[in-house]
Amino acid sequence: MKRTRREMLLFPAVLTACSGCATLQPPRRTRDRMRIAREDLNWMEQAARKEIAGCQRKAADGTVLFTPDGVGNYGAVWTRDFYYMLQIFDGVGAQRARDAIRYLLDGQRDDGAAPDRRQVDGVTVYCAGGLNHPVALPPLDNSAFLVSLAALYVKHTGDTSFAKETVPALDRAMNAI
């Protein structure tokens, strides 16, 4: 099934929310679950993998980061956006996921605040907006997304040593809220 550019840009919301988009049929509800045609689901998964493959940038330290734009133009990894990308875990890969999560954790502030994003040059940004022009306080949900990133990694890999290693930083992140 051929997709339009608009549909391709909307696929992350479709994939995560299963809400359908302009030319897709709305999913049918069965009890509390939604069903999506296998053909549409396969297309969404392939499109998501393509976007993830295209959004990789190397940080100054060599860590592969995943930018939210799908083509690698953004010069940072965003905590929240990376969590959504990691839903297709095998599209990122275990080692790259672990390294990118560590990269975000290395940007944690002394008071525990989790980064909004961390740039490829290593600069950590805690607030939405421009580097020197924040538009708000640090988003409170970044702590929960950072914890969720680590939990998702451990769930997929069984790497309990990573969990033990990161618990103190994740605990500080949650206490910073």
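Residues numbered from 1 in each chain as written. Predicted model: local features only at pLDDT ≥ 70, side-chain atom pairs only at ≥ 80, totals over all residues. Heavy atoms only, no water.

Trainee: What is the right way to read the overall build of the chain from this model?
Mentor: When helices and strands are counted, the chain shows seven helices and nine strands. Taken over 177 residues, the chain has a buried fraction of 39%. When contacts within the chain are restricted to residue pairs at least 6 apart in sequence, those whose partners lie at least 24 apart make up 50%. Accessible surface, the chain: about 10,100 Å² in total, of which carbon and sulfur atoms supply 52%. (Helix = DSSP H or I, 4+ residues; strand = E, 2+ residues; numbered from the N terminus. Buried < 20%, exposed > 50% of the residue type's maximum accessible area, 1.4 Å probe, protein only. Contact = heavy atoms within 4.5 Å. Areas by Shrake-Rupley, 256 points an atom, 1.4 Å probe, with all protein chains shown as cover.)

Trainee: Help me out: how do you make sense of the packing of aromatic side chains in this one?
Mentor: For any pair of aromatic rings, the description consists of the separation of the ring centres together with the inter-plane angle of the planes. Applying the stated criterion across every chain yields a total of seven aromatic pairs. Pairing F89 with Y153 gives two aromatic rings, centres 6.3 Å apart and planes at 45°, and the pair type is tilted. Highlighted residues: F89 in helix α4 (residues 89-92) and Y153 in helix α6 (residues 141-157), separated in sequence by 64 residues. Here the two residues F89 and Y153 agree in accessibility, since each one is buried. The structure contains a cluster of three or more aromatic residues connected by ring pairs, namely Y83, Y84 and F145. The cationic tip of R109 hangs over the ring face of Y126; the distance from NZ or CZ to the ring centre is 5.0 Å. The ring centre of Y103 lies 4.1 Å from the NZ or CZ of R118, which sits over that ring. (Phe/Tyr/Trp six-rings, centres within 6.5 Å; stacked < 30°, edge-to-face > 60°. Lys NZ or Arg CZ within 6 Å of the ring centre and 35° of its normal.)

Trainee: Would you mind going over the sheet that holds strand β6 (residues 117-119) with me for this structure?
Mentor: For sheets, the rule is that strands pair by backbone hydrogen bonds, running either parallel or antiparallel. The sheet built from three strands is open, its strands ordered β5-β6-β7 with antiparallel pairing. Of all the strands in the sheet, the pair left with one neighbour each is β5 (76-78) and β7 (124-125). The pairing of β5 with β6 spans three bridges and is antiparallel. Its bridge partner being in β6, A76 is matched across the sheet by Q119. (Pairing = 2+ DSSP bridges.)

Trainee: Looking at this model, I keep getting lost on α6. Mind explaining?
Mentor: Residues lying three or four places apart along an α-helix face the same way, a consequence of the helix completing one turn every 3.6 residues. If you check α6, its first and last C-alpha atoms are 24 Å apart, about what 17 residues at 1.5 Å a residue would give, namely 24 Å. Those residues of α6 hidden inside the fold are in contact with α3 (79-85), α4, α5 (94-105) and α7 (160-175). Positive backbone phi, approximately 75°, marks G158, located one or two places after α6. (Expected span 1.5 Å × (residues − 1).)

Trainee: Mind showing me how you'd approach the environment of D99 here?
Mentor: Among the secondary structure elements, D99 is positioned in helix α5. With 36 residues separating them in the primary sequence, D99 and T63 have C-alpha atoms 6.3 Å apart.

Trainee: Please clarify how the confidence of the model for the chain should be interpreted in this entry.
Mentor: Interpretation of the predicted coordinates at a detailed level should be avoided for regions scoring low in pLDDT. The predicted model of the chain has a mean per-residue pLDDT of 84, with 82% of residues at 70 or higher. Averaged pLDDT values for the elements of the chain fall to 41 in helix α1 (residues 5-17) and rise to 98 in α5. Within the model, the stretch residues 5-26 combines pLDDT values under 50 with 34 contacts to residues more than four positions away or in other chains. (pLDDT = per-residue confidence, 0-100.)

Trainee: Got a minute to help me understand the side chain of R98 in this structure?
Mentor: By secondary structure assignment, the location of R98 is in helix α5. Among residues more than four places away in sequence, those in contact with R98 are Y153, D159, S161, F162 and E165.

Trainee: Looking at this structure, how should I read the packing of α6 against α7?
Mentor: Each pair of packed helices gets described by two things: the angle between the helix axes and the distance between those axes. The contact between α6 and α7 brings their axes to 9 Å, and the two run at 165°. The angle between α6 and α7 falls in the class roughly antiparallel. In the crossing of α6 with α7, the sense of the turn from one axis to the other is left-handed. Together, S143, A144, L146, V147, A150, Y153 and V154 of α6 and F162, A163, T166, L170, A173 and M174 of α7 make up the contact between the two elements. Tallied by class, residues from the contact of α6 with α7 come to 11 nonpolar, two polar and no charged. (Axes fitted to C-alpha atoms, helices over the stretch in contact; angles between N-to-C directions. Parallel < 35°, antiparallel > 145°, perpendicular 65-115°, else oblique. Left-handed = near helix turned anticlockwise from the far one by under 90°. Nonpolar A, V, L, I, M, F, W, Y, C, P; charged D, E, K, R; others polar.)

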